[in-house]
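# Remarks on the overall topology
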Amino acid sequence: MMDTQAGIEWIIDMLRKDQSPGGSWGYPFETGISTDAYMIILLRTLEIKDEDLIKGLTKRILSRQEKNGAWKLFYDEGDGNLTATVEAYYALLYSGYYQNEDTRLRSAKNFILANGGLEESGMYTKIMLALTGQYKWPPFSPLPIEVVLLPMNFPINFYSFSSFGRANLAPIMILADNKFVMKTDRSPDLSPLYLQRNEIGQWTRSNEYQSLHSFIEEGVKNLLGLPEQLHQLAIERGKKYMLDRIEPDGTFLSYFSSTFLMIFALLSLGYKKTDPVITKAVAGIQSMKCEIDGLPHMQYTTANFWNTALIGFALQNAGVSPKDPVVVKANRYILERQHHKFGDWVVHNPNTMPGGWGFSDVNTILPDVDDTTAALRSIARMVPNELPAWERGITWALSMQNDDGGWPAFEKDANSKLLQFLPIEKAEFLLADPSCADLTGRTLEFFGQYTNLPKGHTAIKRGEHWLLKNQEKDGSWYGRWGICYLYGTWAALTGLLAAGVAKDHSSIQKAADWVRAIQNKDGGWGESCHSDRRKTYVPLKASTLTHTAWALDSLITASDKPSPEIRKGITYLLSSLEKDDWTTDYPKGQGMAGGFYIHYHSYRYIFPLLALSHYKKKFGS
């Protein structure tokens, strides 16, 4: 086992080695096999020949297949994930390199049929199946396209949804309105995957939704204009919404899913496959390809900026000088990517100038609170040389506080309670952008540790109140963007302490007791992805580097001396730094509970480095 300083130096050496010439870190943003499958389906549907990529993606998909023929989203999911298996099966068939008779495809088919057939696959998969001719569009759209015309003062309107929700809903509403289908001579036949032989997919129509739908329709009727004119105006506005948010690389807000859907939505509106907007969008998502274990993976977006902001800060926190070339290059990269344009955030936050940062390498109009405070932590030691960038970033982050006192990710006060009644799967993750413990905690930690904002400042006290009010009964907090209660508790606890809450406060003690109580026998911590869907802590029954680092950092911050739990955790961390097994590949981020998980390849270095550095600074060993 290494000693603490040796462990810190080992991680620093790894990070130095992996930095790109441009100053960033391109560690993969890995999200299972769905994007790989969709890329094959997109290329085949558009009849774009990229055989090397298609072959590589099929190999990667097959390398992730379980012995029972299924695909999983995470290691302990169970027998498999039906939706992921449908997507993999379809892509492998459509590639043309594998046939129905292939043993692996037969096993996948058996799993699909044994678990409900295509009818039980996820809603977004059904949309993809419908637009490529494998599933009939439902007789009604979950939302009429005219929603884009509803005024801001209407109780539910297009800007009631989160920016991520709008990015996916705009093309979905156009596609559903047109009931667009695009097949090719190579399209496989998925009809054997239906159990009921009934291809009409229904979105749930609850009584509450029927009332809400009627309410929306009534709002549309009150708009001035003839129905047909309004309908065409809504289509045009939906199209303009997409085109106005294309990033420099051609993608729609740098997301794979929204770009994929936009391509088909534009085709449904008469665009040719050879139109420059289409070809650039395809090239944009192709450019998000990375390599993992020698095989290509289509990233959902790039995590270069997020990686770099976190690593730049972590290195300096570990004692690397701000003048060291590795930090200088990282901070130059960060400063070059501060936003200067107004994005959709300005709709609910109209009195602030741009100044935030976004998640991906190419974001120019989609900043978020977490990336902004991460960037500010990294450049903090450059003030006053970069005072204008610093002040703009702080002003923007502070202005994004929700009315309830917490902080969201992308947009202020985009959390309408009416959204829960829409028949849209995972609506709380797709459509809402509420205050959450991880973002509120991390924002408080930044303001408390890196600015001279008084502890009694109204924003600090409101954020503190939100966290104390939203603590779980067991002492934990739910983290929206990580897995899950360990993530939320780490962020909330460190944030409250930075905001000036005393260590002996009952909420702090309760949180620390909870962290100590769930420590594994080997000294580490681990949490299952099942936690997010069940909305309660579910142990992984194995320890991971990242979960252990979050737990340790929580206890280190809340303790005056190194307790036995902290010492055991440090021992686990130091003895596991070079570990490489399923626990290091296990997702530590979530995008959509039960449907979309993220393995950040950078986290195995970032958070252990922070925990070890904080331990050494505080306890000197």
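Quick caveat, the model's predicted, so the values are computed rather than measured.

## As for the overall build of the chain
Broken down by element type, the chain carries 25 helices and 9 strands. Taken over C-alpha atoms, the radius of gyration comes to 24 Å for the chain, in line with the 25 Å a tight globule of 621 residues would show. Across its three principal axes, the chain shows a C-alpha extent of roughly 65 × 60 × 45 Å. When each of the 621 residues of the chain is scored for burial, the buried share is 63%. The distance from the centre of the 65 positive side-chain charges to the centre of the 68 negative ones in the chain is 2 Å.

## Quick look at helix α18 (residues 458-469)
The terminal C-alpha atoms of α18 lie 16 Å apart, and with 12 residues this matches the ideal 16 Å at 1.5 Å per residue to within 8%. Taken together, the buried positions of α18 are Ala459, Ile460, Gly463, Glu464, Trp466 and Leu467. Buried residues of α18, seen end-on, are gathered within an arc of 160 degrees and therefore sit on one face of the element. Exposed and oriented more than 90 degrees from the buried face of α18 are Thr458, His465 and Lys469. Next to the buried residues of α18 lie α15 (387-399), α17 (437-450) and α19 (485-498).

## Notes on the packing of helix α7 (residues 163-178) against helix α10 (residues 256-268)
Contact geometry of α7 with α10 gives a least axis separation of 8 Å together with a crossing angle of 30 degrees. By the angle between their axes, α7 is roughly parallel relative to α10. The interaxial crossing formed by α7 with α10 has left-handed handedness. Side by side, α7 and α10 meet where Ala167, Asn168, Pro171, Ile172, Ile174, Leu175 and Asn178 of the first sit next to Ser257, Ser258, Leu261, Met262, Phe264, Ala265 and Ser268 of the second. Residue classes in the contact of α7 with α10 are distributed as 9 nonpolar, 5 polar and no charged.

## What to know about the packing of α19 against helix α22 (residues 545-558)
Two elements in contact, α19 and α22, have axes whose closest approach is 9 Å; the angle formed by their N-to-C orientations is 25 degrees. The angle between α19 and α22 places the two elements in the roughly parallel class. In the crossing of α19 with α22, the sense of the turn from one axis to the other is left-handed. On α22, the residues that touch Leu486, Tyr487, Thr489, Trp490, Leu493, Thr494 and Leu497 of α19 are His547, Trp550, Ala551, Asp553, Ser554, Thr557 and Ala558. Residues belonging to the contact of α19 with α22 are distributed by class as follows: 8 nonpolar, 5 polar and 1 charged.

Parameters and conventions
- Residues numbered from 1 in each chain as written.
- Predicted model: local features only at pLDDT ≥ 70, side-chain atom pairs only at ≥ 80, totals over all residues.
- Heavy atoms only, no water.
- Helix = DSSP H or I, 4+ residues; strand = E, 2+ residues; numbered from the N terminus.
- Rg over C-alpha atoms; globule rule 2.2 N^0.38 Å.
- Buried < 20%, exposed > 50% of the residue type's maximum accessible area, 1.4 Å probe, protein only.
- Lys, Arg positive; Asp, Glu negative; His and termini not counted.
- Charge placed at Lys NZ, Arg CZ, Asp CG, Glu CD.
- Expected span 1.5 Å × (residues − 1).
- Arc of directions from axis to C-beta.
- Contact = heavy atoms within 4.5 Å.
- Axes fitted to C-alpha atoms, helices over the stretch in contact; angles between N-to-C directions.
- Parallel < 35°, antiparallel > 145°, perpendicular 65-115°, else oblique.
- Left-handed = near helix turned anticlockwise from the far one by under 90°.
- Nonpolar A, V, L, I, M, F, W, Y, C, P; charged D, E, K, R; others polar.

Without other data, these values stay purely geometric and don't point to any function.
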